[in-house]
Amino acid sequence: RTIQKVALYILSMAFLFVIVGFLCMDIPFEIGGDFIGMSQLWDKCKFGIYIIVISILIECVVYSFLKKSWNKNTPELSVKIIYKEDLNYNILNFVASYFVPLVSFNYVKLNHWIVLSILLGIIGIIFCKSNGFYNNPTLALLGFRLYQTQVETQKIGKKEKKESLIVICNKKLSEGDNIQYVMLSDGVGVVTYINNKKI
C-alpha cells in the first residue's frame, strides 16, 4: 500500500512539472520582432522540453503500474452504496494550496530547485501519512472521481453493518450501486467492479 500511495503522489505532481517545464522555456515573445531561428529557439527551450517529456514518461509508467496493481489485487467483497458525496472540489484546494505557490519559484536558480525538491519530499511524506494522496488532479483529468460514501458491508442477523469509505472511481457512482474495491489505505479504496461489472 505504501508503494501505491507514493505512486499516486508522484502521479499528482504530473502537471506541476509540465508547468515548470514551460516556465523553464525562454521563449522570446515580441510582436513584430524577427524570428530568432529554430536553432536558437531550441537552445532556449530544450531544458523545459526535457522536463516535460521526462515527466510525461514517468507519469505514464506510474499510471500503468497503478492500474496493474489494482487489477492484480483481490477486491473486497461487494458492498452497497447507501450514501455518496462528491469530493472532487477538494482537488481544487490541493491545486490552489500547493501548485500555485510552487510555480512562482525562479527555476533558473539552482537553490530554488533544491528548495523545490525538499518541499516536494516533505509534502509527499505528509500526504502519504495523512491519506491526502487521493486528492489527485491527474486522476481527475483522466476521468476519475472522488467520493465520500457510506456503504452497507454485510448483514449480521437482521442488523446491517455500515461504514464510511472514500473511493476513487473512473465511473459515476449512484446510491444503490454494488461495488467492489481494492483498499489503498484505511478508509480509502479504488473501485474495480460496479454491479458485478469490471471497470
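Residues numbered from 1 in each chain as written. Predicted model: local features only at pLDDT ≥ 70, side-chain atom pairs only at ≥ 80, totals over all residues. Heavy atoms only, no water.

**Structural notes on the nonpolar core**
Counting 18 residues, the largest nonpolar core has Leu8, Leu66, Trp70, Tyr134, Ile168 and Leu184 as its most contacted members. Looking at this core, the elements that each hand over two or more residues are helix H1 (2–12), helix H3 (38–72), strand S3 (159–169), strand S4 (178–185) and strand S5 (188–194). In this structure Trp70 touches Gln4, Leu8, Phe144, Val182, Leu184, Val190 and Thr192, once residues within four positions along its chain are discounted. Counting residues in hydrophobic clusters, the runner-up holds 15 residues, among them Met13, Val20, Trp113 and Phe127. (Core = buried A, V, L, I, M, F, W, Y, C linked by side-chain atoms within 4.5 Å. Buried < 20%, exposed > 50% of the residue type's maximum accessible area, 1.4 Å probe, protein only. Helix = DSSP H or I, 4+ residues; strand = E, 2+ residues; numbered from the N terminus. Contact = heavy atoms within 4.5 Å.)

**Description of the packing of aromatic side chains**
Under the defined criterion, the tally for this structure stands at five aromatic pairs. Measuring from ring centre to ring centre gives 6.4 Å for Tyr9 and Phe127, while their planes differ by 35°; the resulting arrangement is tilted. Taken together, the positions of Tyr9 in helix H1 and Phe127 in helix H5 (residues 110–129) put the pair 118 residues apart, joining distant regions of the chain. Neither Tyr9 nor Phe127 differs from the other in exposure class; each is buried. Taking 5.8 Å as the distance between ring centres and 85° as the angle between the ring planes, the aromatic pair formed by Trp42 and Tyr50 counts as edge-to-face. (Phe/Tyr/Trp six-rings, centres within 6.5 Å; stacked < 30°, edge-to-face > 60°.)

**Focus on empty space enclosed by the protein**
Scanning all chains against the criterion turns up two cavities of 30 Å³ or more. When its volume is computed, the largest cavity comes out at roughly 90 Å³. Along its surface, the largest cavity is lined by Lys67, Trp70, Asn71, Phe144, Asn170, Val190, Val191, Thr192 and Ile199. Those elements that place two or more of their residues in the lining of the largest cavity are H3 and S5. Within the lining of the largest cavity, the residues separate by chemical class into five nonpolar, three polar and one charged. In this structure, the second largest cavity encloses a volume near 50 Å³. The wall of the second largest cavity is formed by Asn88, Ile91, Tyr134, Asn136, Leu139, Ala140, Phe144, Arg145, Leu146 and Ile168. Every element with two or more residues in the lining of the second largest cavity is listed here: helix H6 (137–141) and strand S2 (145–156). For the lining of the second largest cavity, a count of residues per class yields seven nonpolar, two polar and one charged. (1 Å grid on protein atoms, 1.4 Å probe; cavity = no way out; pocket = protein on both sides within 12 Å on 5 of 7 lines; lining within 4 Å. Points joined across faces, edges and corners; volume = space filled by probe spheres on them. Nonpolar A, V, L, I, M, F, W, Y, C, P; charged D, E, K, R; others polar.)

**Some details on the confidence of the model for the protein chain**
Should the pLDDT be low somewhere, the predicted coordinates at that spot are not to be read in detail. Here the protein chain averages 84 in pLDDT, and 92% of its residues register 70 or above. Per-residue pLDDT, averaged within each element of the protein chain, yields its smallest value for helix H4 (residues 89–102) (76) and its largest for S5 (92). (pLDDT = per-residue confidence, 0-100.)

**A word on the pairing of S4**
Among the eight residues in S4, seven count as buried, and that is most of the element. Sheet topology note: the strand S1 (residues 79–86)/S4 ladder contains two bridges and is antiparallel. The residue bridging Val79 from the neighbouring strand is Ile179, located in S4. Pairing analysis gives six bridges linking S4 to S5, with the strands arranged antiparallel. Looking at S5, one finds that Ile179 is bridged to Ile194. (Pairing = 2+ DSSP bridges.)

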